[in-house]
Amino acid sequence: MVGIANESVVFFGHLSELYQLAKEGKIETKLQGSHTRPCKFWTAMKILSGIKNTIVIAHGPSGCAFGVKQAYKLTNCRNSGSPYESIITTNIDEKAIVYGGEKELKGAILEVDKKYKPDVIFVATSCATGIIGDYVDAIVNKIKPKINAEIMAIHCEGFAGEYRSGFDLVFRQIVQLMDKPDSESRSRLANSVNIVGGKMGPERTEIETDVKELRRLIESMGASVNAVIAGNCSLEEIKQAPSVAVNCTLCLDLGYAIGREMLDQFNTPLNSTILPYGISATERWLREAAKHLHLENEAEELIKREYGAIRIEFEEAKKYLAGKLAIVEGHDAIKSLSIAHMLERDFGMRAVIYNFHPWSTQARETSIDYLLETGLDPEILITKGTLAFGKYEAMVQTENELMEYLGDLNPETTVYFGSSMSFPNIPVVDLNAILNRPRFGYRGALKVAKCICTALEYSFRPRSWVTKKMVFPGNSGLCSAQSLTPKLAQDLPDCTVYAGRERGKCMMS
């Protein structure tokens, strides 16, 4: 394999080596400004958007609520088929910043409870209300007897933690909505599981067909799924969640937070593995769940049956793929690690993760520890473009560095797992484009294997140079591939701004 020029390399080695360098402070792990993630407020909202019949009151300026509505709520409702659930804002202004927004918040809570009749009202603090120190908990506790909905304050002001903390905060806090198990509830749900760590709707890594496949496997084993938390789940499902036989993580990294909290508070067992891409990860996921369900024999029969259904096609594909090279885009740390696990363990390929940001070694410690414990230690390549400031410039730079790295690699034996917005000289497999069928489980493993085989089979066909010019136009300033993706249409009414001219009244009432 032709190596990349030394002046472009920041790191080239195994994951364990990168992990150690990060722990010792010998490699930069901070995100540059142009690469920062959403704030804590946004990630908290992402989880809250997966709970049905809830209203989130964003206690702060209207802009925070508008962005969340566009990015999460509309997407979640469209993808799940749920009725549109508004994002409310108290729309505090300069006066409220000085004197506090208690009256605005009280008015919003009362009107939301009366108008929307939600199961739960979440009051989410923004940076503005976090800075002025509005005593949201006291307001919530005082008004609680006056409303029918459950109500909970979520302290998720963006400045109070890095983006990842919003996920963990909400997953741990919604445990407070759960009922303590008793002998009756334990008996009733003894044959059920929860799938935890989901944030359904806006995240394409958690498309509906993947979760449906996991549900199908659980049910084929003779068990049932109580809830996907927080993946379009109801308050009732959340309340009874601790009584199930086991919590199975959808994503180890996010599922661990709620799973650990439920284990500590209710002694609900936790089955924590990486994303079930591929056969080996799926079998680990099923066998660990079966132990707590006391369905070990049924699980083995299911595994035998599921593999038998794909065996001939899969083994034929595996023979073709064994020994071939896969370059895996490392932008999504957990996904890239899970894909590398599948490619090496199930397909016998060599996987190199390209531009896995060193920041991820700290943000994803739980998953990395687990992966290394399984004996998998994929190769990581990081180039200077990953650490460069400026999104479009870095995108062009990493594209050029990728081309340089690939050099004269044979497109008949090398495949790139990444975005269709990249144009290497080798076949591209974009798993985000596989939306109408599962990518998890046995069926998913076969589908991914066949996609790689097809990509290699048609490697002689060049990608469109016209499309590449659209993505990487010359002299285009700060344009990027994202400009090709239209923003969510503003085609739903949003009569959700409170505390305008009349305190505590909807502006469109």
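Below you will find a few notes about this structure. What you are looking at is a predicted structure, and each value in this text was computed from that prediction instead of being measured.

### So, the nonpolar core
It is characteristic of soluble globular proteins that their nonpolar side chains tend to be buried jointly. With 117 residues, the main nonpolar core has Phe122, Ile229, Leu343, Phe347, Phe417 and Ile452 as its most contacted residues. Considering every element that reaches this core, the biggest residue donor is helix H19 (residues 441-457), with ten residues. The residues contacting leucine 343, other than those within four sequence positions of it, are Ala326, Val328, Gly348, Met349, Ala351, Phe417 and Ile452. Membership of the second largest hydrophobic core comes to 17 residues, among which are Leu105, Ala108, Val123 and Val136.

### Some remarks on the pattern of salt bridges
As enumerated under the stated definition, the model contains 17 salt bridges in all. A salt bridge links lysine 106 to glutamate 102; the nearest nitrogen and oxygen atoms lie 2.9 Å apart. Pair noted here: lysine 106 and glutamate 102 are both in helix H5 (residues 102-116), with a separation of four residues, about one helical turn. Taken together, the shared-partner salt bridges connect Glu213, Arg216, Glu306 and Arg443 into one network.

### As for the pairing of strand S11 (residues 350-354)
Burial analysis of S11 places four of its five residues in the buried class, the great majority of the element. Taken together, the five bridges between strand S10 (residues 325-329) and S11 define a ladder with parallel strand orientation. The residue bridging isoleucine 327 from the neighbouring strand is valine 352, located in S11. Note that S11 and strand S12 (residues 379-383) share three bridges and pair parallel. Following the sheet pairing, valine 352 is matched in S12 by glutamate 379.

### Some thoughts on the packing of aromatic side chains
In total, this model carries four aromatic pairs according to the counting rule given. Considering the side-chain rings of tyrosine 277 and phenylalanine 440, the 5.0 Å spacing of their centres and the 90° angle between planes classify their relative orientation as edge-to-face. In this pair, tyrosine 277 sits in the loop between strand S9 (270-271) and helix H13 (279-293) while phenylalanine 440 sits in the loop between strand S14 (428-429) and H19, placing the two residues 163 residues apart along the sequence. Under the relative-accessibility criterion, tyrosine 277 is labelled buried at 0%. Here phenylalanine 314 and phenylalanine 347 contribute two aromatic rings whose centre-to-centre distance is 5.8 Å and whose plane-to-plane angle is 50°, an arrangement assigned as tilted. In this pair, phenylalanine 314 is assigned in helix H14 (residues 296-321) and phenylalanine 347 in the loop between helix H15 (333-345) and S11, connecting sequence segments 33 residues apart. Across the pair, phenylalanine 347 and phenylalanine 314 agree in class, each one buried.

Scoring rules and cut-offs
The written sequence of each chain sets the order in which its residues are numbered from 1. Two thresholds apply to this predicted model, a pLDDT of at least 70 for residue-level local features and 80 or more for giving and counting side-chain atom pairs, whereas whole-chain, interface and lining totals are computed over all residues. Just so you know, side-chain values use all the structure's heavy atoms and leave hydrogens and water out. In this text, buried Ala, Val, Leu, Ile, Met, Phe, Trp, Tyr and Cys residues form a nonpolar core when linked through side-chain atoms within 4.5 Å. Per-residue accessibility, obtained with a 1.4 Å probe over protein chains only, is compared with the maximum for each type, and a residue is labelled buried under 20%, exposed over 50%, and partly exposed between these values. The numbering of helices and of strands both runs from the N terminus, where a helix is a DSSP run of H or I of at least 4 residues and a strand a run of E of at least 2. In this description, contact between two residues means that some pair of their heavy atoms is separated by no more than 4.5 Å. In the sections that follow, a salt bridge refers to a side-chain nitrogen of Lys or Arg positioned within 4 Å of a carboxyl oxygen of Asp or Glu. Here a strand pair is declared whenever DSSP counts at least two bridges between the two strands. Working definition: rings of Phe, Tyr and Trp (its six-membered ring) pair if their centres are within 6.5 Å, and the pair is stacked with planes under 30 degrees apart, edge-to-face with planes over 60 apart, and tilted otherwise.

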